Each structure stands twice: as structure tokens, then as C-alpha cells.
Amino acid sequence: GLIASMINLFNHAFIKGALFMCLACLAYNIKTTRCEHMAGIAKTQPWVAAAFVVGGIALIGLPPTAGFISKWYIVLAVLETSWWLAIVVVLTSLLAVVYVWRVVEQMYLRTPADNIQQETPVPMMLLSCTWVMIFLSVYFGIDNRFPVRMATMAAEVLMP
């Protein structure tokens, strides 16, 4: 359980960091982060919208993302004590689908509001850093040796 928790903390740092950076890009561009104001933003900010989708997939815990690895280790740890608690973990992933889908639906399937103006282009450095975080969210889902090794070493120090 301790190893699973540390892996989850490590992976979610990249996942949630990337999602917050997506919101920073939108805040910079349209001066708001309200969901209803993101309508149609995928047409004008495709890189930001795509980063949000990949980050959302990682947050939900789908393979091949770091979020899947986190959920996998948590479910394995929880199964050692209770099978019904593992179901709760899976249900929380389904809950994440609901709130991530709400934003994705706004970005891709709604028409832009007339009163929302794109005021400032997103700085390339901010967008690049966002995509680095997205890349790491996927990379550590494919090759999870580093976070697993670090979490295992830390757990051995904390609980010899």
C-alpha cells in the first residue's frame, strides 16, 4: 500500500500538473477557466485541447498512461485486504470519466460563445512545458521502472 501510494503521488504530480498547466494556457488565452467558456476552444487551441484530453485519459487511469500504473498498484494493494474496496477504486475512475468528459465535450463538441475573445496567444514556453508533463504522464505509463524503483526504495527506508 505504501509503494502504491508513492507511485500514485509521483504519477499524479505529472498528470495533475499537466492538467493545471492546460488551464493556465486557457486562462492566458481567453482570460477564464470556467467550463462553459471553453466551448469550441479545440478549434482555436488544438494543442491545449489535445493535451487536456491526454491528461484526462491519464487521470481516468487508462493504459498506456501513468494513471493506469497508479490505479493498478492501488488495486493490487487494496486487494490484499478487501475486494470491495478495489471496486471503490474502479468506481472513482468512472467518476473521473464524468468530470473529464464534461470539459472535453465543451472543448470539442460545443460551438464557441460569441462573447469569449481570445486575447493573448499562449506563450510557446508554457505550451511546451505542458506537453513535457503530458509526455511524462504517458512515458511513465509505458516504462514505470523508475517510479516503482524509487517508491520501493523509499518504502524500505520508511518501513524496514
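Since the structure is predicted, the reported quantities are computational estimates derived from the model, not experimental observations. (Residues numbered from 1 in each chain as written. Predicted model: local features only at pLDDT ≥ 70, side-chain atom pairs only at ≥ 80, totals over all residues. Heavy atoms only, no water.)

### A closer look at the packing of helix α3 (residues 46–60) against helix α5 (residues 83–109)
Next, step 1: As a packed pair, α3 and α5 sit with axes 9 Å apart at the nearest point and diverge in direction by 170°. What the angle tells us is that α3 and α5 run roughly antiparallel. Here Pro46, Ala49, Ala50, Phe52, Val53, Gly56, Leu59 and Ile60 of α3 come into contact with α5, specifically with Ser93, Ala96, Val97, Tyr99, Val100, Val103, Val104, Met107 and Tyr108.
Next, step 2: Looking at the contact of α3 with α5 residue by residue, the classes come out as 15 nonpolar, two polar and no charged. (Axes fitted to C-alpha atoms, helices over the stretch in contact; angles between N-to-C directions. Helix = DSSP H or I, 4+ residues; strand = E, 2+ residues; numbered from the N terminus. Parallel < 35°, antiparallel > 145°, perpendicular 65-115°, else oblique. Contact = heavy atoms within 4.5 Å. Nonpolar A, V, L, I, M, F, W, Y, C, P; charged D, E, K, R; others polar.)

### Structural notes on the layout of surface pockets
Next, step 1: As a volume, the largest pocket reaches approximately 230 Å³.
Next, step 2: Lining the largest pocket are Lys16, Leu19, Phe20, Leu23, Cys35, Met38, Phe52, Leu59, Tyr99, Val100 and Val103.
Next, step 3: Secondary structure elements with two or more residues in the lining of the largest pocket: α1 (2–30), α3 and α5.
Next, step 4: When residues in the lining of the largest pocket are grouped by element, the largest group, four residues, is from α1.
Next, step 5: Class assignment for the residues of the lining of the largest pocket results in ten nonpolar, no polar and one charged.
Next, step 6: In this structure, the second largest pocket occupies an estimated 180 Å³ of space.
Next, step 7: Around the second largest pocket, the lining residues are Ile60, Gly61, Leu62, Phe68, Lys71, Trp72, Val75, Val89, Val90, Ser93, Leu94 and Val97. (1 Å grid on protein atoms, 1.4 Å probe; cavity = no way out; pocket = protein on both sides within 12 Å on 5 of 7 lines; lining within 4 Å. Points joined across faces, edges and corners; volume = space filled by probe spheres on them.)

### Considering α1
Next, step 1: With 29 residues, α1 extends 41 Å between its outermost C-alpha atoms, agreeing within 8% with the 42 Å of an ideal straight helix rising 1.5 Å per residue.
Next, step 2: Where α1 bends most, the angle comes to about 30°, and this point is histidine 12.
Next, step 3: Just past α1, the residue lysine 31 takes up positive phi, approximately 65°. (Expected span 1.5 Å × (residues − 1). Bend = angle between axes of the 7 residues up to and from the residue.)

### Looking at the packing of aromatic side chains
Next, step 1: Considering all chains together, one arrives at nine aromatic pairs under this definition.
Next, step 2: A centroid spacing of 5.8 Å and a plane angle of 80° characterise the contact between tryptophan 47 and tryptophan 131, whose relative ring orientation is edge-to-face. Taken as a pair, tryptophan 47 in helix α3 and tryptophan 131 in helix α6 (residues 124–142) lie far apart in primary sequence, 84 residues in all.
Next, step 3: According to the relative accessible area criterion, tryptophan 47 is exposed, its value standing at 56%.
Next, step 4: Given the relative accessible area of 26%, tryptophan 131 is considered partly exposed. (Phe/Tyr/Trp six-rings, centres within 6.5 Å; stacked < 30°, edge-to-face > 60°. Buried < 20%, exposed > 50% of the residue type's maximum accessible area, 1.4 Å probe, protein only.)

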